[in-house]
Amino acid sequence: MYRTKLPLAEARHLPVWRRPTALLFLMAAAMPIAFATWSALLNNFVIEAAGFTGVEIGWLHTVREIPGFLAIGVIAIIVFVREQVLAMISLLLLGVATALTAWFPSFGGLLFMTLLSSIGFHYYETVNQSLQLQWLPKDRAPIVLGRIVAVGSGASLLAYGLLVLTWQSFDLSYNFVYMAAGGTCVALTLFATFAYPQFEAPDPQVKRFVLKRRYWLYYALQFMSGARRQIFVVFAAFMMVERFGFEVHQVTGLFIANFVANMAFAPLMGIAVARWGERRALIFEYVGLTAVFLAYGGIYYFGWGVVLAAALYIINHLFFALAFALKTYFQKIADPGDIAPTAAVAFTINHIAAVFLPAGLGYLWVTSPGSVFIAAACMAAGSLALALLIPRHPEKGNETIFSHRLPVAAE
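Keep in mind the model is a prediction, meaning the values are calculated, not measured.

Reading the values: the criteria
Sequence order as written defines the numbering, with residues in each chain counted from 1. At least 70 in pLDDT is required for a residue's local features to be given in this predicted model, at least 80 for side-chain atom pairs to be given and counted, and no such filter applies to totals for whole chains, interfaces and linings, which use all residues. To get the side-chain values, take all heavy atoms of the structure and skip hydrogens and water. Each helix corresponds to a stretch of at least 4 residues labelled H or I by DSSP, and each strand to a stretch of at least 2 residues labelled E; elements are numbered beginning at the N terminus. The atom set for the radius of gyration is the C-alpha atoms, and the globule formula is 2.2 Å times the number of residues raised to the power 0.38. Think of it in three bands: with a 1.4 Å probe and only protein chains considered, a residue is buried below 20% of the maximum accessible area for its type, exposed above 50%, and partly exposed in between. Here a residue-residue contact requires only that any non-hydrogen atoms of the pair lie within 4.5 Å. All accessible-area figures derive from a Shrake-Rupley calculation using a 1.4 Å probe, and residue coverage is judged against the displayed protein chains alone. As used throughout, the charge tally considers Lys and Arg to be positive and Asp and Glu to be negative, leaving His and the chain termini uncounted. Here the site of a charge means atom NZ of a Lys, CZ of an Arg, CG of an Asp or CD of a Glu. To get an axis, a line is fitted to the C-alpha atoms, and for a helix only the part in contact is used. The angle between two axes follows their N-to-C directions and goes from 0 to 180 degrees. Roughly parallel means an angle under 35 degrees; roughly antiparallel, over 145; roughly perpendicular, 65 to 115; everything else is oblique. Here is the rule for handedness: rotate from the far helix to the near one, and if that takes an anticlockwise turn smaller than a right angle the crossing is left-handed, while a clockwise turn gives right-handed.

A. Structural view of the overall build of the chain. Helix and strand content of the chain: 15 helices and two strands. Against the compact-globule benchmark of 22 Å for 411 residues, the chain has a radius of gyration of 21 Å, which places it among compact chains. With the principal axes as the frame, the chain shows a C-alpha extent of 55 × 50 × 35 Å. Expressed as a percentage of the 411 residues in the chain, the buried residues total 59%. In the chain, the share of contacts with a sequence separation of at least 24, taken over all contacts with a separation of at least 6, comes to 88%. Of the roughly 16400 Å² of accessible surface on the chain, a fraction of 70% belongs to carbon and sulfur atoms. Each charge class in the chain was averaged separately, 26 positive and 19 negative side chains, and the resulting centres sit 9 Å apart.

Okay, here's the thing in structure tokens:
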């Protein structure tokens, strides 16, 4: 690790490519090269190599979400390890586990490798969210976060593009692709580890468990977001393979279309959040997601076709790109020292439903796939009801539309 510690205020004197924002962009590119490749191949790999059904895929994703549920452990780790260092360690674990995935083509082996990669992914995501909110100024955070989403989409697009162009042409194996993607993530992470100083944010982070009543709406929105997202992540792409017979290059082509759309629209969404505020952005997202999940259910109940299913997949991801509005809502209402511990607590809350929903809904999927998406629509509608409680101008002391009527709660 590059040993120099540099106050954040002095980072503006560094070359552009060595500033904190550049490091956030680099990490945003490294992570999806491994994770997106893993996701693109997963459904075909588990069906072909291990004979998975909806039951097994549900259990795999339940195991994958356990580290997210335990993300609160980050609070204990950052007592001894700096957040930036922990981000690098987590990315390395994700890259190595991705590279070795195809070496274990069995139910037990895939659960084990998924658990390892998930520890890397979820601990990285936890500290990455904290670093973003500490390093980015409030007035520019939505715009920069939109660009970060676009960079991640671009990295995923590169990985998927290479898959589409080479998978059939060169008769690639799952092992080769997983090794290449995981190795690239490892290489980028090692560069980030040694090329950047350790940036010192101006506000020391509280290194203990933080759970405050005035953050209750943020916690509730995080819980609903985790429950709703899991249904989409687990079952939307699985449906394309199981119901419509998509092959690897077809699933990857769908992902490419999705990330092209994200690259184009995510920066615009960042500008929109900065201009119109988190309340309107999240209301728009949840209205859209409710409609999309209802339409997914219609695919099974009314026999709607593959073109609509593919279009809904892309539209759904565009709405999910607005999720960074929830981050900036918290940034505005939080005490600066609460960002790191609350990121860990929120990540755990986000994954409470994720631990049991995939396995439970896997059994429902076997008998009634459409009902799974109707459940997701109900969750999106619940999120919409909660978003209506966000004030137009959130800040400390004005966390919800009821805050101005009440004294500030004791913490």
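The discussion continues.
B. Up close: the side chain of Thr98. By the secondary structure assignment, Thr98 is in helix 4 (residues 83–99). Filtering out sequence-adjacent residues up to four positions away, Thr98 remains in contact with Ala34, Trp38, Tyr178 and Gly182.

C. Region of the structure containing the packing of helix 1 (residues 20–50) against helix 4. The geometry of helix 1 relative to helix 4 is characterised by a closest axis approach of 9 Å and an angle of 25° between their N-to-C directions. Taken together, the axes of helix 1 and helix 4 lie roughly parallel to each other. Crossing hand, helix 1 versus helix 4: left-handed. Across the interface between the two elements, Leu23, Met27, Ala30, Met31, Ala34 and Trp38 from helix 1 touch Gln84, Ala87, Met88, Leu91, Leu94 and Thr98 from helix 4.

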